[in-house]
Amino acid sequence: MNPTTASSVTELLISSHQDSLQIVNKSLPENRQRRHTALSSVHAFAFLRQAEPETLEISRAAELFQTTLQVLTKRARERYQRDVTAPELLSLEHVGLIAELSRCPSAVHPAICQQSHLSKYRSVSGICNNRQNPLWGAANTQLVRWLPAEYEDGEKEPKGWNRGRLYNGFQLPPMGDGLSGERRCMPFHRSTPACFNNFGSDIKQAFQRQQMNAITSFIDASVVYGHTPVLQQSLRDIHSRNGKLAVNTHFSDSEGRPYLPSVATVPSACHQDPNDPQRERVECFRAGDSRANEGLPLTALHTLWLREHNRIAETLRWLNGHWSPETVYQETRKIIGALHQIITMRDYVPKIIGLESFQRYIGPYKGYDPTTDPSASNVFATAAFRFGHATVSPILRRLNESFQEHEQFPHLRLHNTFFCPWRIVKEGGIEPILRGVIGTPAPTVHADTLMAEELTERLVVLNISQQMDLAALNLQRGRDHGLPGYNDWRVFCGLKRIKTLEDFIDVASDRNVAEKILNMYKHPDNIDIWLGGLAENLTPGSRTGPLFSCLIAKQMKALRQGDRFWWEGEGMFSQQQKAELLKTSVSRIICDNSGIKEVLRDSFIFGQYPSDYVPCDRIPSMHLAAWKEKKSTG
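Draft legend 1. The arrangement of the overall build of the protein in detail. What the protein contains, in helices and strands, is 23 helices and 6 strands. Relative to its 634 residues, the protein shows a buried fraction of 54%. Sequence separation of 24 or more characterises 70% of the internal contacts of the protein that already satisfy a separation of 6 or more. Of the roughly 29,000 Å² of accessible surface on the protein, 51% is carried by carbon and sulfur atoms.

Rendered as structure tokens:
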């Protein structure tokens, strides 16, 4: 590119950015109907999600960056009277200028992490976990790609956006088909884009829409503590100076046990008790993860971890009277993070992917590997780990002390539990819900009914008046993220590519479903990964098929090997402390933080009451005396 042309492109770039500012400022605060313009695939149904200010700021910058690229390309085509693409028009310096004008965060140099070795505790945002690659695994960074993105236009458009486009000779099926057979449209909001941030020599990724992971990738208990300094501060009990987390100031359970604090902005969007004559509001709860109010079991788990933090903090403060409130808080956070890692990797993951897959793909811990990127992959977050949606029961059972249906609080249809924290406060606390969770077997996945109708026909999403279909949303989400198809991921995992109906029948759990899927997609390479992975036969002793077992395992290994603060890592805990941490279990946490007196030894394995239940005093406890420190006399 000669100097004159370069100057012309720079001039075009700046003017395009100015126009893009107006477009983004108009589109972000509003829900807009689909517009058939050159910009429609980016701004369709744009809206402001419930997110932290930092995330929203980066999101806006990313939208501005993407829009500038589109406006610039459109103008260049008009100016030069030919089909011009952004990669051939722009240099890496031009891309950097667009990022700067859009106010994308600048690249983080490893020098920022020089002092990180002095800290015993991980940063709340995940930054500097890897000192050479400070943003690996950090919040508000892009989901990584294990395979290149596949967009309809190569840059941003989801597959199926242009109805005339054929794949292997066929149109892709639309994602808005209702179970009743009626085609219906639903609002769909594109995932938050990630800002361009130093892709080095790989300029191609800069021109493709990438998605942001607003939270940290690590198993670090950020669901309890948040993922930004501001959010973390808002969750702490700063005024009491005791190292504890803040609790609800309006409500507690019948025994005085605390609930999660209310959100700061009221009135909140959470549903209220329609039969309360006093109209006493129960606002949405506040936690480290904004999804804490989506379902009652999730809210109950968040409540348990809040109480567990405060229980441990109180004991550590008593054991080490010389510790500052900050030390009490950080040491407790470190323990809670370790408990999350142990419960996830020891008690949960092997049951999800099967012991064989665990040993094959994950294996024993061999220490921290600074060359392993622990960042969450796009395919894991968007497809593989969404297998759990097919295991959700349409009924939430609430059980009494004998693990029978509760006399006062009967079972609930799932859609009556979304965003209803009032049911915990006014209907018996977390105990009936927890008993229902551990005392009810998880639904068996049947290929002909992959997801409960409560999720496909009656899903409730705040601020959207109509009921939604989670299956359709998941499928469209994969296309929104540019995920390659089911077959490409099978090859990625070393599995056989599906070429014929008989091939698909061999790996699917149901012949009729295999036929229906292939009849709908017309070609095996067209099958969306979430649906294909969900239709597979489960591997022995697991809840997932071979493809999802592989993808989940690969992600879990990266999260473990690439985490400098993994609980088993050198210098993280003493041998005595590690031995105590290993005594923990979900059952023990339930015993210590609720009114439940009988539990299963392993809450992840269903058992019959009363034969398989034991009193809480028979569940091993972690003794915190291992954390007692002698006061320094120096």
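Draft legend 2. Main features of unusual backbone geometry. V266 connects to P267 through a cis peptide bond whose omega is 0 degrees. Following the sequence through the fold, P267 ends up in the loop between α8 (229–235) and α9 (296–319). Although it is not a glycine, R103 sits at a positive phi angle of roughly 70 degrees. Tracing the backbone through its elements, the reader meets R103 in the loop between α5 (92–102) and β1 (141–142). Phi is positive for F419, close to 55 degrees, though the residue is something other than glycine. Relative to the helices and strands, F419 is located in the loop between β4 (412–413) and α13 (422–426). Exposure remark for F419: the relative accessible area of 11% places this residue in the buried category.

Draft legend 3. Molecular detail of the side chain of S542. In this structure, S542 sits in the loop between α20 (529–534) and α21 (546–561). Residue class for S542 comes out buried when judged on its relative accessible area of 10%. At 2.6 Å, the side chain of S542 forms a polar contact with the side chain of T539. Sequence-distant contacts of S542, that is, excluding residues within four places in its chain, are made with K351, I352, I353 and G354.

Draft legend 4. Fine view of the pattern of salt bridges. Taken as a whole and assessed by the stated rule, the structure comprises 34 salt bridges. In this structure, E308 and R311 form a salt bridge, with 2.9 Å as the shortest nitrogen-oxygen distance. With E308 and R311 both in helix α9, this residue pair falls 3 residues apart, about one helical turn. On the basis of relative accessibility, which here comes to 2%, the residue E308 falls in the buried class. Judged by its relative accessible area of 27%, R311 falls in the partly exposed class. D480 serves as the salt-bridge partner of R477, at 3.0 Å between the closest nitrogen and oxygen.

Draft legend 5. Expanded view of the nonpolar core. Judged by nonpolar contacts, the single largest core of 109 residues is most densely connected at I335, F504, F548 and L581. When neighbours within four sequence positions are excluded, F504 is seen to be in contact with Y486, I498, A514, I517, I527 and A535. The next biggest cluster of nonpolar side chains, apart from the first, holds 24 residues, and it includes L69, A76, A99 and M212.

Draft legend 6. Looking closely at the packing of α9 against helix α10 (residues 325–353). In the contact formed by α9 and α10, the axes pass within 9 Å of each other and the chain directions differ by 130 degrees. Taken together, α9 and α10 sit at an angle that is classed as oblique. Considering how the two elements wind past one another, α9 and α10 form a crossing that is right-handed. Contact with α9, carried on its side by W305, E308, H309, I312, A313, L316 and R317, involves V328, Y329, E331, T332, R333, I335, I336, L339, H340 and I343 of α10 and no other residues of that element. Across the contact of α9 with α10, the residue classes break down as 10 nonpolar, 3 polar and 4 charged.

Draft legend 7. Here's a closer look at the state of the cysteines. All chains considered together, the criterion is met by 5 disulfides. A sulfur-sulfur separation of 2.0 Å characterises the disulfide bridge that pairs C113 with C128. Since a negative S-S torsion denotes a left-handed disulfide, the C113-C128 link at about -80 degrees is left-handed. Taken together, the positions of C113 in the loop between α5 and β1 and C128 in the loop between α5 and β1 put the pair 15 residues apart, joining distant regions of the chain. The class of C113 is buried, set by a relative accessible area of 1%.

Draft legend 8. Expanded view of the packing of aromatic side chains. All told, the structure shown has 12 aromatic pairs when counted by the stated rule. Consider the rings of W146 and F492, whose centres lie 5.9 Å apart with planes at 15 degrees: the pair is stacked. Taken together, the residues W146 in the loop between β1 and α6 (204–207) and F492 in helix α17 (residues 486–492) connect sequence positions 346 residues apart. Residue classification places W146 among the partly exposed positions, given a relative accessible area of 26%. The class of F492 is partly exposed, set by a relative accessible area of 28%. Geometrically, the ring pair formed by F380 and F385 is stacked, given 4.7 Å between the ring centres and 25 degrees between the ring planes. On the basis of relative accessibility, which here comes to 9%, the residue F380 falls in the buried class.

Draft legend 9. Broad picture of the environment of E283. Secondary-structure assignment places E283 in the loop between α8 and α9. Here E283 falls in the buried class, since its relative accessible area comes to 11%. Once the C-alpha coordinates of E283 and C270 are considered, the two residues, 13 residues apart in sequence, prove to be 6.3 Å apart. In this structure, E283 is in contact with S262, V266, P267, S268, Q272 and P421, ignoring residues within four places of it in sequence.

Draft legend 10. Summary view of a positive patch on the surface. Residues R360, K366, K554 and K557 make up a contiguous surface patch of positive charge. You can see R360 is positioned in helix α11 (residues 355–362).

Draft legend 11. A look at α5. Those residues of α5 that sit buried are H94, V95, I98, A99 and S102. Here the buried residues of α5 occupy an arc of 140 degrees about the axis, which is enough to place them on one side. Among the exposed residues of α5, those pointing more than 90 degrees away from its buried face are E93 and E100. Looking one or two places after α5, you find R103, whose phi comes out positive at around 70 degrees.

Draft legend 12. Spatial organisation of helix α19 (residues 511–521). Among the residues making up α19, those that are buried are V513, A514, I517, L518 and Y521. Summarising the axial view, the buried residues of α19 lie within an arc of 125 degrees, below the 170-degree limit, and thus occupy one face. Turned more than 90 degrees away from the buried face of α19 sit K516 and N519, all of them exposed. Backbone nitrogen of N512 and a side-chain oxygen of the N-cap are separated by 2.9 Å at the start of α19; the cap is D510.

Draft legend 13. The arrangement of the side chain of Q232 in detail. You can see Q232 is positioned in helix α8. Other than its neighbours up to four places away in sequence, Q232 contacts V124, Y225, Y329 and R333.

Draft legend 14. Focus on the packing of α10 against α11. Contact geometry for α10 and α11: axes closest at 6 Å, N-to-C directions at 110 degrees. When the axes of α10 and α11 are compared, the pair comes out roughly perpendicular. The segment α10 lies against α11, with M345, V349, P350 and I353 engaging L355, S357, F358 and I362.

The rules behind these values
- Residues numbered from 1 in each chain as written.
- Predicted model: local features only at pLDDT ≥ 70, side-chain atom pairs only at ≥ 80, totals over all residues.
- Heavy atoms only, no water.
- Helix = DSSP H or I, 4+ residues; strand = E, 2+ residues; numbered from the N terminus.
- Buried < 20%, exposed > 50% of the residue type's maximum accessible area, 1.4 Å probe, protein only.
- Contact = heavy atoms within 4.5 Å.
- Areas by Shrake-Rupley, 256 points an atom, 1.4 Å probe, with all protein chains shown as cover.
- Polar contact = N/O pair within 3.5 Å; in protein donor to acceptor, adjacent residues only side chain to side chain.
- Salt bridge = Lys/Arg side-chain N within 4 Å of Asp/Glu carboxyl O.
- Core = buried A, V, L, I, M, F, W, Y, C linked by side-chain atoms within 4.5 Å.
- Axes fitted to C-alpha atoms, helices over the stretch in contact; angles between N-to-C directions.
- Parallel < 35°, antiparallel > 145°, perpendicular 65-115°, else oblique.
- Left-handed = near helix turned anticlockwise from the far one by under 90°.
- Nonpolar A, V, L, I, M, F, W, Y, C, P; charged D, E, K, R; others polar.
- Disulfide = S-S within 2.5 Å.
- Phe/Tyr/Trp six-rings, centres within 6.5 Å; stacked < 30°, edge-to-face > 60°.
- Patch = residues over 30% accessible without salt bridge, like charges linked within 9 Å, V, L, I, M, F, W, Y side chains within 5 Å.
- Lys, Arg positive; Asp, Glu negative; His and termini not counted.
- Charge placed at Lys NZ, Arg CZ, Asp CG, Glu CD.
- Arc of directions from axis to C-beta.

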